[in-house]
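Structural overview for review
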Amino acid sequence: MKLSDAIEVYIKVWGVSKTYGTKRRVKYQLLAFERFIKLHSITNVYSINISVLTLWIEGLKEKGCTPLTIYYTIQVVRHFFERLVVEEYIDTNPIPEYFYHIRPYIPLRKVPSVDEVLESFESAGKSDAYPIRNRALLELAYSTGLRRMELQKLNCSCVQKDEIRVIGKRGRERIVPLGKEAKKWVDYYINTERAKVVTLTKSEDEALFLSAQGNRVSASTLHVMVRGQSRQEYSLH
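Below you will find a few notes about this structure. (Residues numbered from 1 in each chain as written. Predicted model: local features only at pLDDT ≥ 70, side-chain atom pairs only at ≥ 80, totals over all residues. Heavy atoms only, no water.)

1. Some words on the overall build of the chain
Rules: Only runs of H or I of at least four residues qualify as helices and only runs of E of at least two qualify as strands under DSSP, and these elements are numbered from the N terminus. For every residue, the accessible area (1.4 Å probe, protein chains only) is compared with the maximum for its type, and the residue is labelled buried under 20%, exposed over 50%, or partly exposed between those bounds. Whether two residues are in contact is decided by their heavy atoms, any of which lying within 4.5 Å being enough. The Shrake-Rupley method, run with a 1.4 Å probe, gives the accessible areas here. Residue values count only the displayed protein chains as cover.
Each helix and strand in the chain was counted, giving 10 helices and 2 strands. Sequence-ordered secondary structure for the chain, helices as α and strands as β, is α-α-α-α-α-α-α-β-β-α-α-α. Burial analysis of the chain (237 residues in total) assigns 40% to the buried set. A separation threshold of at least 6 residues defines the contact pool for the chain, and within that pool the share at least 24 residues apart is 54%. Total accessible area computed for the chain in this model is approximately 14500 Å², and 52% of it derives from carbon and sulfur atoms.

Printed below as a string of structure tokens:
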């Protein structure tokens, strides 16, 4: 079986990933692996051996990839070969266990202190553009611990009495308790700044957080908003 055909089937048919972002990343890494393998005149999955794989990893190091990036790249290719074994295209996985046995150390994220959180809240409330929206966003993120994409996907209908309905990864829904302070600011934002934006732009978007144009605020914008209120030290996951 040609390596290119195996990769295409792995991405499209075998459902390697559930989300678009992960699928795109996996495809990018596998195609990069395919390009390297072709440089060594290998076009099918049966001819890949430990010598070529060792050269591939050395090439990643020479490109300046971090140990963590190399680790995750090896995991992607390893899962690819494991699937080929399950589907009986190959007998064994050519990637030996010692290639991925030790995971690099990942430092813990820096956590803001209570004073820093309160300072961010005050700073958001004094910002020039949409201070109520920014304050509501920070209060909601701090109260619920939602991810950036989860905040971005929230609709007004998701906010209920003392809880919020969240659509997480792979479309999974969960109910998250909502603190009183966060609920107060979210309601205040909906009835003031958001209502004004809807009136001015005649927006019909159901998104909770709207831009000045009446569109759903992008995840990258939410990230920038939080970074801007926390001295560039902290960010949403």
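2. Comments concerning the pairing of strand 1 (residues 163-167)
Our working definition: By the convention used here, strands pair only if DSSP detects at least 2 bridges between them.
The alternating pattern of strand 1 places Ile164 and Val166 on a buried face and Glu163, Arg165 and Ile167 on a face that is not buried. Judged from the 5 bridges that link them, strand 1 and strand 2 (residues 173-177) form a sheet pairing that is antiparallel. The residue of strand 2 that forms the bridge with Arg165 is Ile175. Remark: 5 residues form the turn of the hairpin made by strand 1 and strand 2, two consecutive strands paired antiparallel; Arg170 in that turn has positive phi of roughly 60 degrees.

3. Some details on the nonpolar core
The criterion, for reference: For our purposes a nonpolar core is just a set of buried Ala, Val, Leu, Ile, Met, Phe, Trp, Tyr and Cys residues, chained together by side-chain atoms within 4.5 Å.
Core analysis: the largest hydrophobic core is formed by 31 residues, its most contacted members being Leu140, Leu151, Leu154, Ile164, Leu208 and Phe209. Mapped onto this core, the elements with two or more residues apiece are helix 5 (114-125), helix 6 (131-144), strand 1, helix 8 (180-191) and helix 10 (219-229). Considering each element in turn, this core owes the most residues, 6 residues, to helix 6. Ala6, Trp56, Val76 and Val77 belong to the second-largest nonpolar core, a separate cluster that totals 28 residues.

4. Things to note about unusual backbone geometry
We note that Ser41 has phi near 60 degrees; this positive angle belongs to a residue other than glycine. You can see Ser41 is positioned in the loop between helix 2 (20-39) and helix 3 (50-62). Of note in the backbone geometry, Glu88 takes a positive phi value of approximately 65 degrees without being a glycine. As for its placement among the helices and strands, Glu88 is situated in the loop between helix 4 (67-86) and helix 5.

5. Some words on helix 9 (residues 193-201)
Rules: Working definition: the arc comes from the directions between the helix axis and the C-beta atoms, pointing outward to the latter.
Among the residues making up helix 9, those that are buried are Glu193, Arg194 and Val197. With its buried residues spanning 100 degrees around the axis, helix 9 presents them on a single face. Set apart from the buried face of helix 9 by more than 90 degrees, the exposed residues are Lys196 and Thr199. The inward-facing, buried residues of helix 9 abut helix 6 and helix 8. Immediately downstream of helix 9, the backbone of Lys202 shows phi near 55 degrees, a positive value.

6. A look at the pattern of salt bridges
Selection criterion: Just to be clear on terms, a salt bridge is a Lys or Arg side-chain nitrogen sitting within 4 Å of an Asp or Glu carboxyl oxygen.
Scanning all chains against the criterion turns up 11 salt bridges. With a closest N to O distance of 2.5 Å, Glu82 and Arg78 form a salt bridge. Linking Glu82 with Arg78, this pair stays in helix 4, spanning 4 residues, or about one helical turn. Salt bridges here are not isolated pairs; linked through shared partners, they connect Arg147, Glu150 and Arg174.

7. A short note on the packing of aromatic side chains
The following threshold applies: Aromatic pairs are defined between Phe, Tyr and Trp rings, using the six-membered ring for Trp, whenever the two ring centres lie within 6.5 Å; interplanar angles under 30 degrees are classed as stacked, those over 60 as edge-to-face, and all others as tilted.
All told, the structure shown has 7 aromatic pairs when counted by the stated rule. Between Phe33 and Phe81, the ring centres sit 6.1 Å apart and the planes meet at 85 degrees, which makes this aromatic pair edge-to-face. Within this pair, whereas Phe33 is found in helix 2, its partner Phe81 is found in helix 4, the two being separated by 48 residues in sequence. For Phe33, a relative accessible area of 1% translates into the label buried. You can call Phe81 buried: its relative accessible area is 0%.

8. Here we look at the environment of Lys153
Topologically, Lys153 is positioned in the loop between helix 7 (148-152) and strand 1. Along the sequence, Lys153 and Val217 sit 64 residues apart, while their C-alpha atoms lie 9.0 Å from each other.

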